[in-house]
Amino acid sequence: MEETAGNALLEVGKCLAAPIGRQFMYLYNYKSNFDNLEKEIGKLKDARDEVKDKVVAAENNVEKIKQQVKDWQRKVDSIIDEAEQLIQEKTNSRCEKETFSEVSLPTTREDIRLRLTNKDYEEFESRLSTLNGVLNAVEDAEAGIIGVYGMGGIGKTTLVKEVGQQAKKKQLLDEVIFVEVSHKPDTKKIQDELANQLGLEFKTEAERARKLYARLKTDKKILVILDNIWKELKLEALAIPCGNDRGGCKVLLTARDLNVLQSMDSVKNFQVGFLTEEEAWSLFKKMAGNQSYRIFTFSYIFYYLSQFLPL
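**Description of the environment of Trp-72**
Then step 1. Structurally, Trp-72 is set in helix α3 (residues 67-91).
Then step 2. For the pair Trp-72 and Val-51, spaced 21 residues apart in the sequence, the C-alpha separation amounts to 9.7 Å.

**Here we look at helix α7 (residues 156-169)**
Then step 1. Taking 1.5 Å per residue, 14 residues should reach 20 Å; α7 reaches 20 Å between its end C-alpha atoms and fits that length.
Then step 2. For α7, the set of buried residues is Lys-156, Leu-159, Val-160, Lys-161, Glu-162, Val-163, Gly-164, Gln-166 and Ala-167.
Then step 3. Gln-171, located one to two residues past α7, shows a positive phi value of around 60 degrees.

**Regarding the confidence of the model for the chain**
For residues with low pLDDT, the predicted coordinates do not support detailed interpretation.
Then step 1. This prediction gives the chain a mean pLDDT of 76; 68% of its residues lie at or above 70.
Then step 2. Note that pLDDT drops below 50 for residues 93-104; the model gives that stretch eight contacts with residues more than four away or on any other chain.
Then step 3. Low pLDDT (under 50) marks residues 291-296, which in the prediction has two contacts with non-local residues, meaning those over four places away or in another chain.

**Focus on helix α6 (residues 125-139)**
In an α-helix, one turn spans 3.6 residues, which is why side chains three or four residues apart end up on the same side.
Then step 1. Taking 1.5 Å of rise per residue, the 15 residues of α6 would be expected to cover 21 Å, and the 22 Å separating its terminal C-alpha atoms lies within 8% of that figure.
Then step 2. The set of residues buried in α6 consists of Arg-127, Thr-130, Leu-131, Gly-133, Val-134, Leu-135, Ala-137 and Val-138.
Then step 3. On its buried face, α6 sits against β1 (145-149), α7, β4 (249-255) and β5 (268-271).

**A look at the pairing of strand β3 (residues 222-229)**
Then step 1. Of all eight residues in β3, seven are buried; the element is thus mostly enclosed.
Then step 2. In terms of strand pairing, β3 meets β4 through six bridges, oriented parallel. Along β4, the bridge assignment pairs Val-224 with Val-251.

**Quick notes on the pattern of salt bridges**
Then step 1. All chains considered together, the criterion is met by 13 salt bridges.
Then step 2. The closest approach of N and O atoms between Arg-210 and Glu-207, which form a salt bridge, is 3.6 Å.
Then step 3. We classify Glu-207 as buried; its relative accessible area is 14%.
Then step 4. Several salt bridges share partner residues, and in doing so they unite Lys-188, Asp-192, Glu-205 and Arg-208 into one network.

**Considering the packing of aromatic side chains**
Then step 1. Counted according to the given criterion, the structure contains zero aromatic pairs.
Then step 2. In this structure, Lys-161 packs its charged tip against the face of Phe-178, placed 5.2 Å from the ring centre.

**Considerations on the nonpolar core**
Then step 1. Among the nonpolar cores identified, the biggest contains 29 residues, and Leu-226, Ile-229, Leu-235 and Ile-240 are the most heavily contacted of them.
Then step 2. Elements supplying a minimum of two residues to this core: β1, β2 (175-182), α8 (187-198), α9 (208-216), β3, β4 and α10 (258-263).
Then step 3. Ignoring anything within four residues of it in the chain, the contact list for Leu-226 reads Val-179, Val-181, Leu-235, Leu-238, Ile-240, Val-251, Leu-252, Leu-253 and Thr-254.
Then step 4. Of all hydrophobic cores here, the second largest spans 22 residues; its members include Leu-135, Val-138, Val-160 and Leu-252.

Reading the values: rules and limits
- Residues numbered from 1 in each chain as written.
- Predicted model: local features only at pLDDT ≥ 70, side-chain atom pairs only at ≥ 80, totals over all residues.
- Heavy atoms only, no water.
- Helix = DSSP H or I, 4+ residues; strand = E, 2+ residues; numbered from the N terminus.
- Expected span 1.5 Å × (residues − 1).
- Buried < 20%, exposed > 50% of the residue type's maximum accessible area, 1.4 Å probe, protein only.
- pLDDT = per-residue confidence, 0-100.
- Contact = heavy atoms within 4.5 Å.
- Pairing = 2+ DSSP bridges.
- Salt bridge = Lys/Arg side-chain N within 4 Å of Asp/Glu carboxyl O.
- Phe/Tyr/Trp six-rings, centres within 6.5 Å; stacked < 30°, edge-to-face > 60°.
- Lys NZ or Arg CZ within 6 Å of the ring centre and 35° of its normal.
- Core = buried A, V, L, I, M, F, W, Y, C linked by side-chain atoms within 4.5 Å.

The structure is reproduced here in structure tokens:
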């Protein structure tokens with residue numbers, strides 16, 4: 001954490017922890033002041049949580065936390081525990097302790113494109129084995145780079161988004177990052193998108209690649225989805241760790257051409273093929289009622305039906 005940020009956090013602790021600590025025994029001896037004690041403890045808890053959120057954000061931004069801040073956190077935790085014990089003993093009642101599924105506010109900006117997956121995804125039997133195969137590869141510690149390939153419009157993007165959703169739901173991953181590459185990849189734009197979703201901030205251009213690489217290389221299990229790749233990309237140039245130096249980072253690629261995936265050292269590749277006749281009709285009927293769906297999707301389905309189905 002920066003010097004100024006560390007000093008600010010310490011001042012919060014000095015302002016709240018010391019006065020409250022001195023008043024604990026005094027307040028304890030007077031029943032009328034128990035409400036005040038609980039109120040002051042509430043303020044201290046709020047300060048503790050605020051500091052914790054800032055510490056988490058700083059750690060996610062690959063900054064080193066000052067030792068004084070860590071010491072302050074431990075001291076405040078001890079004071080709060082002691083105060084709650086005193087209140088419990090005096091009132092002879094059991095304190096309720098609220099539990100949380102999360103201990104801090106998320107600093108990763110979840111991509112809205114992933115949140116829309118459940119609405120867009122259709123669970124077709126012919127795709128189930130591919131979905132499960134990719135999920136198993138994501139869980140495989142040895143598989144650092146995974147690929148999904150198939151013709152344009154076949155459903156690769158929708159499938160990998162669903163992989164990201166299910167992997168998070170099953171707690172296989174801590175974070176999922178989705179970036180569309182397109183046929184004209186822009187290194188800076190891709191890095192900016194990665195950094196934005198990871199909650200990273202850069203003060204100078206010189207630290208961009210270093211901080212992004214360090215953030216992705218942490219012990220957290222992070223899946224980076226690079227969608228719609230047309231030609232070989234150098235992951236190192238994008239500041240994405242790979243190989244034996246990748247930490248908890250995994251990369252999931254989509255491309256039309258298997259050769260592109262293989263050129264990027266993808267160790268497990270999965271093809272997305274055509275739907276069955278029944279599945280194609282089901283998808284067609286659903287999309288026919290959705291006026292906002294893009295016209296090229298209709299063209300693709302009609303073409304597919306005319307080529308492969310007995311009409």
